[in-house]
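Here are the chains, one letter per residue:
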Amino acid sequence: MTKLRVRGLTKVFGSQPRRALELMEQGYQRPEILERTGQLLAVADVDLDIDEGELFVIMGLSGSGKSTVIRMLNRLIEPTAGTIELDGEYIDALSPAGLRRMRQQKMSMVFQHFALFPHRTVGENAAYGLKVQGVGEDERRARAIEALETVGLGDRVDAYPHEMSGGMQQRVGLARGLATEADILLMDEPFSALDPLIRRDMQDLLAELQSGLDRTIVFITHDLNEAMRLGDRICVLKDGRVVQVGTGPEIIDNPANQYVEDFVSDVDRSRVLTAEQVMRAPRRTYRPSDSPREVLEWLDEQEFNGVYVLDDQERILGVARDDRLVKGIRDGVTRVGDLVIEDYASAGPDTLLSDLAAIAAHHTVPIPVLDREGRLLGVVPRARLLGALSNEEVPANA
Ligand SMILES: Nc1ncnc2c1ncn2[C@@H]1O[C@H](COP(=O)(O)OP(=O)(O)O)[C@@H](O)[C@H]1O
Ligand SMILES: [Mg+2]
């Protein structure tokens, strides 16, 4: 369900936006508009549909208009044009009182620099948004403690910010956003100032929190890897315009233009692409009653080491490997089902390529991809995995 619907959202910085809007409508881009009118088109005709419970990432280089977009969502910056609908209510048309209520109850903003109050305790800092909302003292404390527990700081309620590391302070800032129980969290590069290890921790924490909550999060970053790690969907901005919206894998697989392609060329593909996206149908599979000799002949022909034997539910019974088959045939075994080895690794459709690579290192047959019931969906041969990791076109027959 759409939580936030944005149409034609536009911001011109400057005293004569009209002329800039005209040029925008004629398709001119930011640099020409600046040159001709002296007006800065920070955000140009942005449409977004953000679903309830989604972690929606807005990504772009510095100056692409990310902060301006997110600040227009709660009208910290007044749009020059466009509409913003939250749960069917037009935010752009709210009175000052309505706007205050919306900011208190529905949208909470988490900034890049969390700016904790140094003379207030961690608990008071975490409860700050609630105080603004007019929540009573006892409930404020209870909710702040709960939020601090969520970020692993339940025992530091009475500490002061200077007694904590930078990473812990950042957690307090996150707790402050969580404590408000706003439907939507707006996060403007909240982790950009953190060093890489703490940043990873915070990303993991946010991803974990998000999966347990039904909050909608609009998250801004200029870091593609962060976007790919966190975003259910990602919106790529360039010079104030939306260039592409899609899931991480969709964007990597199908960049909308050269700009996006250049952007994604250095992403860590192993942490974005999943088994489902690189698997192919198995060349063939066998049933337990098939003849070991026939299976061995096929393996020889294909120059494969092994093949999967499935039961009638399409679940893997095991691998028929050439060395075992040779020995079994010599011993007079007539059913391949009696020769399979159950020692094989497997992956799920959502397994990341980085994890597949670790499995593949110890695996001589293509890695099977299984659904929840253990049925074979496809296989990932090593060549295909390496191709996908190295950004090469995967040959169709790999
Ligand atoms: N208050 C302002 N007045 C004039 N120009 C601004 C103002 N705020 C931002 N800009 C300009 O608008 C463009 C988009 O800025 P911003 O939204 O902050 O980008 P980002 O957050 O992606 O770095 C930039 O060119 C920036 O210089
Ligand atoms: Mg910014």
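What comes next concerns the included structure. What you see is a predicted model, and the numbers here were worked out from it, not measured in a lab.

So, on to the site of ligand 1. Ligand 1 sits among Phe13, Arg30, Leu40, Ala42, Leu61, Ser62, Gly63, Ser64, Gly65, Lys66, Ser67 and Thr68. Taking serine 64, its main chain carries an N or O atom lying 3.2 Å from an oxygen atom of ligand 1. With respect to ligand 1, the backbone of glycine 65 contributes an N or O atom lying 3.0 Å from an oxygen atom. For ligand 1, whose unbound accessible area comes to 570 Å², protein coverage reaches 60%. Every element with two or more residues in the shell around ligand 1 is listed here: strand E2 (40–51) and helix H3 (66–73). A per-element tally of the shell around ligand 1 places H3 first, with three residues.

Further remarks concern helix H1 (residues 17–25). Within the span of H1, buried status applies to Ala20, Leu21, Leu23 and Met24. The buried residues of H1 occupy an angular sector of 165° when the element is viewed end-on, so they sit on one face. Within H1, the exposed residues directed more than 90 degrees away from the buried face are Arg18 and Glu25. Among the structural elements, strand E1 (2–13), helix H2 (30–37), E2 and strand E10 (241–246) are those in contact with the buried residues of H1.

This paragraph deals with the packing of helix H16 (residues 353–360) against helix H17 (residues 382–389). When two helices pack together, their arrangement is given by the angle between their axes and by how far apart the axes lie. Where H16 meets H17, the axes come as close as 11 Å, and the angle between the chain directions of the two elements is 140°. With respect to each other, H16 and H17 are oriented oblique. Where H16 crosses over H17, the two elements pack in a sense that is left-handed. Side by side, H16 and H17 meet where Leu353, Leu356, Ala357 and Ala360 of the first sit next to Arg382, Leu385, Ala388 and Leu389 of the second. Here the contact of H16 with H17 is built from residues that sort into seven nonpolar, no polar and one charged.

Criteria and thresholds
- Residues numbered from 1 in each chain as written.
- Chains lettered and ligands numbered in written order.
- Predicted model: local features only at pLDDT ≥ 70, side-chain atom pairs only at ≥ 80, totals over all residues.
- Heavy atoms only, no water.
- Near = heavy atom within 4 Å.
- Polar contact = N/O pair within 3.5 Å; in protein donor to acceptor, adjacent residues only side chain to side chain.
- Areas by Shrake-Rupley, 256 points an atom, 1.4 Å probe, with all protein chains shown as cover.
- Helix = DSSP H or I, 4+ residues; strand = E, 2+ residues; numbered from the N terminus.
- Buried < 20%, exposed > 50% of the residue type's maximum accessible area, 1.4 Å probe, protein only.
- Arc of directions from axis to C-beta.
- Contact = heavy atoms within 4.5 Å.
- Axes fitted to C-alpha atoms, helices over the stretch in contact; angles between N-to-C directions.
- Parallel < 35°, antiparallel > 145°, perpendicular 65-115°, else oblique.
- Left-handed = near helix turned anticlockwise from the far one by under 90°.
- Nonpolar A, V, L, I, M, F, W, Y, C, P; charged D, E, K, R; others polar.

All we've got here are geometric facts, nothing functional implied.
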